[in-house]
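So the chains spell out like this:
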Amino acid sequence: MRILFAVPLLALAACNVENDPANDQVTIQYNEEQAQNVAEDVGNTAQGIGQAIANEADETVDKLQNTDVDVDVDTNTADNRQ
């Protein structure tokens, strides 16, 4: 779903806009190869981010598994009366 937000940016990155004020012309060209390169770069970046998140999650799990917690429970209810 989030990739839908990137689609207009990909299309914009593949466009070359030339402004010729002397002739009152604006030329817009769409370069398919450039669009593919941008899409590939976005994919590689997303893959890198995903891998970084997975690595961080693995490190967090390792830290949690190596944690010892001591819990002292007072079962003497006679001391709890007010």
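Residues numbered from 1 in each chain as written. Predicted model: local features only at pLDDT ≥ 70, side-chain atom pairs only at ≥ 80, totals over all residues. Heavy atoms only, no water.

Asker: Explain the overall build of the chain here, please?
Answerer: Helix and strand content of the chain: two helices and two strands. Counting from the amino terminus, the chain carries its helices and strands in the arrangement α-β-β-α. Looking at the chain as a whole, 5% of its 82 residues qualify as buried. In the structure as shown, the chain presents an accessible area of about 7700 Å², 51% of it carried by carbon and sulfur atoms. (Helix = DSSP H or I, 4+ residues; strand = E, 2+ residues; numbered from the N terminus. Buried < 20%, exposed > 50% of the residue type's maximum accessible area, 1.4 Å probe, protein only. Areas by Shrake-Rupley, 256 points an atom, 1.4 Å probe, with all protein chains shown as cover.)

Asker: I keep staring at the pairing of strand β2 (residues 25-30) and nothing clicks. Help me out?
Answerer: The two faces of the sheet receive side chains in turn, since in a regular strand these alternate between them. Burial within β2 is sparse, with just zero of its six residues counted as buried. What sits between strand β1 (residues 15-20) and β2 in their antiparallel hairpin is a turn of four residues, with D24 showing a positive phi close to 50°. (Pairing = 2+ DSSP bridges.)

Asker: I tried to follow a nonpolar patch on the surface on my own but got confused; where do I start?
Answerer: There is a patch of nonpolar side chains on the surface, built from V17, V26 and I28 and spanning about 310 Å² of accessible area. Owing to a relative accessible area of 55%, V26 belongs among the exposed residues under this scheme. (Patch = residues over 30% accessible without salt bridge, like charges linked within 9 Å, V, L, I, M, F, W, Y side chains within 5 Å. Salt bridge = Lys/Arg side-chain N within 4 Å of Asp/Glu carboxyl O.)

Asker: Just to check I follow, could you spell out the confidence of the model for the chain for this structure?
Answerer: Regions with low pLDDT should not have their predicted coordinates read in detail. For the chain, mean pLDDT is 77; residues scoring 70 or higher make up 77% of the total. Of all secondary-structure elements in the chain, the lowest mean pLDDT belongs to helix α1 (residues 3-13), at 60, while helix α2 (residues 32-65) reaches the highest, 86. (pLDDT = per-residue confidence, 0-100.)

Asker: I tried to follow unusual backbone geometry on my own but got confused; where do I start?
Answerer: Trans peptide bonds make up most of the peptide bonds, and negative phi angles are found at most residues other than glycine. At D24, a residue that is not glycine, the phi angle is positive and equals roughly 50°. In this structure, D24 sits in the loop between β1 and β2.

Asker: It is not clear to me how a negative patch on the surface should be interpreted in this structure. Could you clarify?
Answerer: A cluster of acidic side chains, namely E56, D58, E59 and D62, defines a negative patch on the protein surface. Residue placement: D62 occurs in helix α2. Owing to a relative accessible area of 43%, D62 belongs among the partly exposed residues under this scheme. (Lys, Arg positive; Asp, Glu negative; His and termini not counted. Charge placed at Lys NZ, Arg CZ, Asp CG, Glu CD.)

Asker: Quick question: what am I supposed to make of the pairing of β1 here?
Answerer: Judged from the six bridges that link them, β1 and β2 form a sheet pairing that is antiparallel. If you follow D20 over to β2, its bridge partner there is Q25.

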